[in-house]
Amino acid sequence: MSVLGLDSRPPVAHLVVRQEEEDEYVVGDLASGNFVVVPEVGARLVALFAAGRTVAEAADEVERETGEPVDALDFVEVLVEAGIIRPQSDEGPPPAQARPWSVSRIPARLVRPLFGRVAWTVYVGALVATLAMFVAEPSLLPTYEDTFIFPDVVLSLLITNVTVALLTVVHEAWHAFAGAAVGVRSQLRLERRGIFPVLETDLTGLWALPPERRYGPFLAGMAIDGILLFAAVAPRFAWSRGWLELPPGMVRFLAMVVFSQAVKLAFQTLAYLRTDMYLVMATATGCRNLHEVTRLSLKKWIRRLTPAERTVLRDAHARDLRVSRWYRLLYVAGVIWMVWFAVHFLLPGAKVTLGWAAGVLTGAPFGSVYWWEGIALAAFASLNVLLPLGVVVRNRYRAGKLAT
């Protein structure tokens, strides 16, 4: 049972407070990654709580300073509901916080050189050099056939999926390293973006930092993707020009890596999916809820909004509404790109995989090695559909538990 009251002293020593605009402050807990935007009065209350004032004492002092009454207890309850502070309880210890990803605990001094001026020059240079090689040798551009490294489809899918998973972990680890370089810990979780299942590094703590310090961690994953793309394209470019001898298997493997990294970089530009570039854009424009405001402003043209959705639009910040007018174009373009990608890459790949699986299952004896290969192929093809669906079900289940 909560013992929060007018005589209580809210535990706020762990909170960070940063001014965002003239009368807006960000208040939050770096450990949990929970933050809220409060007016100047809220920031003043947090400062008074940190100085040891009770809820009633802080309310009285703010009223003396401003000449206006303030409901300090209601403000504290908002912080509790947001998960930023926990009231004292007689029901045992507070629930444990989710543990940060271990790679985000690395000392800042060890990873800071990876995101200095020289490092960013290398990142940009690698991407420019890769684009130049694509222009000089268009045959190096990726196609969906690059995912099939060997005639054995099962082996190809196994190597491709393992490689893509490892490269994805590297991408997310670079986000975590960049966060650690500015003192922010992170968590790794499985999420969904449109039709794509994704690993995601939760860097919510970055919102406690000034905008100029957020860009590096947001762009870090794309930076290392550019390096890995260059490392796969450069040997193939040299091989295509006769400067380097490579085994055929290595050429095909590198082509698969090029496909993986090129798709990953293209995916990050899909701001409407709240990818890395969306975070960069939201920071640059100073928006608070750009994605939701844009989605609802488009949705109202197609179907009726719920009362809660109409409230979101009605209460949206003027900056979000202004930016959403042109951001809608990027949103719609992103949807079109996702459909194009599904038609030209996902569906052809799934057709080959499922066709092969059907042929194996109908032609091989039940329970034989080849029959099990058909099962494995069908499972690989189904994973892209079932995994995003599973994330949706999981998130709705968690939202339902939080609401009860």
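You'll find the protein chain entered in an unreviewed UniProt entry as PqqD family protein, with Micromonospora humidisoli given as the organism.

Our next topic: the overall build of the protein chain. Scanning the protein chain from N- to C-terminus turns up 13 helices and 5 strands. For the protein chain, the share of sequence-separated contacts (at least 6 apart) that also reach a separation of at least 24 residues comes to 66%.

As a further point, take the side chain of Thr160. Mapped onto the secondary structure, Thr160 falls in helix α6 (residues 153-181). The residues contacting Thr160, other than those within four sequence positions of it, are Thr147, Ile149 and Met256.

One finds Leu15, Leu45, Phe49, Phe75 and Ile85 to be the most contacted residues of the largest nonpolar core, which totals 21 residues. Looking at this core, the elements that each hand over two or more residues are β2 (24-29), β3 (34-38), α1 (40-50), α2 (55-66) and α3 (72-81). For this core, the element with the most residues is α1, which contributes 5 residues. Here Phe49 is in contact with Pro10, Val12, Thr54, Val55, Ala58, Phe75 and Val76, once residues within four sequence places are set aside. Core analysis: the second largest hydrophobic core is formed by 17 residues, Phe134, Leu167, Met222 and Leu229 among them.

Attention shifts here to helix α7 (residues 215-240). Because each turn of an α-helix spans 3.6 residues, side chains separated by three or four positions in sequence point in the same direction. If you check α7, its first and last C-alpha atoms are 37 Å apart, about what 26 residues at 1.5 Å a residue would give, namely 38 Å. In α7, a bend of some 35 degrees at Gly221 exceeds every other bend along the element. Among the residues trailing α7, Gly242 stands out with phi positive, at a value near 80 degrees.

Looking now at the UniProt feature "transmembrane region" (unreviewed entry) in the protein chain. Under the local residue numbering, the UniProt record ascribes the feature "transmembrane region" (unreviewed entry) to residues 114-136, 148-170, 218-239, 251-273, 329-350 and 370-393. The span residues 114-136 is 87% helix and 0% strand, and its two end C-alpha atoms sit 30 Å from each other. End C-alpha to end C-alpha, residues 148-170 measures 22 Å, and it is 78% helix and 0% strand.

Let's shift gears to the confidence of the model for the protein chain. Looking at the protein chain, pLDDT values average 81 and 86% of them are 70 or higher. The model gives residues 89-96 a pLDDT under 50, and that stretch makes 5 contacts with residues more than four places away or in other chains.

One pass over the full model with this rule turns up 7 salt bridges. Residues Glu65 and Arg44 are paired through a salt bridge, measuring 2.7 Å at the closest nitrogen-oxygen approach. With Glu65 in helix α2 and Arg44 in helix α1, this pair connects stretches of sequence that are 21 residues apart. With relative accessibility at 31%, the residue Arg44 sits in the partly exposed group. Between Glu137 and Arg241 there is a salt bridge, with its nearest N and O atoms 3.5 Å apart. Highlighted residues: Glu137 in the loop between α5 (117-136) and α6 and Arg241 in the loop between α7 and α8 (248-268), separated in sequence by 104 residues. The buried category is assigned to Glu137, whose relative accessible area is 18%. Here the residues in one salt-bridge network are Arg44, Arg53, Glu61 and Glu65, joined through shared partners.

Let's shift gears to the packing of helix α10 (residues 290-299) against helix α11 (residues 307-314). Where α10 contacts α11, the axes come no closer than 10 Å and their chain directions differ by 120 degrees. Classified by the interaxial angle, the pair formed by α10 and α11 is oblique. Remark: the crossing between α10 and α11 carries left-handed chirality. Contacts between α10 and α11 involve Glu292, Val293, Arg295, Leu296, Ser297 and Lys299 from the former and Glu309, Val312 and Leu313 from the latter.

On the surface, Leu155, Leu158, Val162 and Leu166 cluster together into a nonpolar patch covering about 350 Å² of accessible area. Under the relative-accessibility criterion, Val162 is labelled partly exposed at 43%.

Its place among the elements puts Ala119 in helix α5. Measuring from C-alpha to C-alpha, the distance between Ala119 and Ala223 comes to 9.4 Å, with 104 residues separating the pair along the chain. Ignoring anything within four residues of it in the chain, the contact list for Ala119 reads Pro113 and Leu114.

Summarising the element assignment, Ala56 is placed in helix α2. Residue classification places Ala56 among the partly exposed residues on the basis of a relative accessible area of 24%. Sequence separation of Ala56 and Asp71 is 15 residues, and the distance between their C-alpha atoms is 9.1 Å.

We now examine the packing of α7 against helix α9 (residues 276-285). In a packed pair of helices, the relevant descriptors are the angle between the two axes and the axis-to-axis distance. In contact at an axis separation of 9 Å, α7 and α9 are set at 160 degrees when each is read in the N-to-C sense. Comparing their axes, α9 and α7 come out roughly antiparallel. Of the two possible hands of crossing, α7 and α9 adopt the one that is left-handed. For the pair α7 and α9, contact is made by Tyr215, Phe218, Leu219 and Met222 and by Asp276, Met277, Leu279, Val280, Thr283 and Ala284, respectively.

Definitions and cut-offs
- The residue numbers shown here count from 1 along each chain, following its written sequence.
- With the structure being a predicted model, the display of local features is reserved for residues of pLDDT at least 70 and the display and counting of side-chain atom pairs for 80 or more, all residues being used for whole-chain, interface and lining totals.
- Values shown for side chains rest on all heavy atoms present in the structure; no hydrogens or waters enter the calculation.
- Counting from the N terminus, the helices are DSSP H or I runs at least four residues long and the strands are E runs at least two residues long.
- Any two residues whose heavy atoms approach within 4.5 Å are treated as being in contact.
- Only buried Ala, Val, Leu, Ile, Met, Phe, Trp, Tyr and Cys residues count toward a nonpolar core, and they belong to the same one when joined by side-chain atoms within 4.5 Å.
- Relative accessibility thresholds used throughout: buried, under 20% of the residue-type maximum; exposed, over 50%; partly exposed, between the two (1.4 Å probe, protein chains only).
- To estimate the expected span of a helix, count its residues, drop one, and scale the result by 1.5 Å.
- In this scheme, the bend at a residue equals the angle between the axes fitted to the seven residues that finish there and the seven that begin there.
- UniProt positions are given in the numbering used here, feature names are shortened, and annotations may be inferred rather than shown by experiment.
- For every residue, the pLDDT score states the predictor's confidence, bounded by 0 at the bottom and 100 at the top.
- Each salt bridge in this description consists of a side-chain nitrogen of Lys or Arg and a carboxyl oxygen of Asp or Glu lying within 4 Å of one another.
- Throughout, an axis means a line fitted to C-alpha atoms (over the contacting stretch in the case of helices), and angles, computed between N-to-C directions, take values from 0 to 180 degrees.
- If an angle is under 35 degrees, it is roughly parallel; if it is over 145, roughly antiparallel; if it lies from 65 to 115, roughly perpendicular; otherwise it is oblique.
- Working rule for handedness: look at the near helix, and if it is turned counterclockwise from the far one by less than a right angle, call the crossing left-handed; if clockwise, right-handed.
- Nonpolar side chains (Val, Leu, Ile, Met, Phe, Trp, Tyr) are joined into patches within 5 Å and like charges within 9 Å, using only residues with over 30% relative accessible area and no salt bridge.
- Calculation of accessible area relied on Shrake-Rupley with a 1.4 Å probe; when residues are assessed, cover is drawn exclusively from the protein chains displayed.

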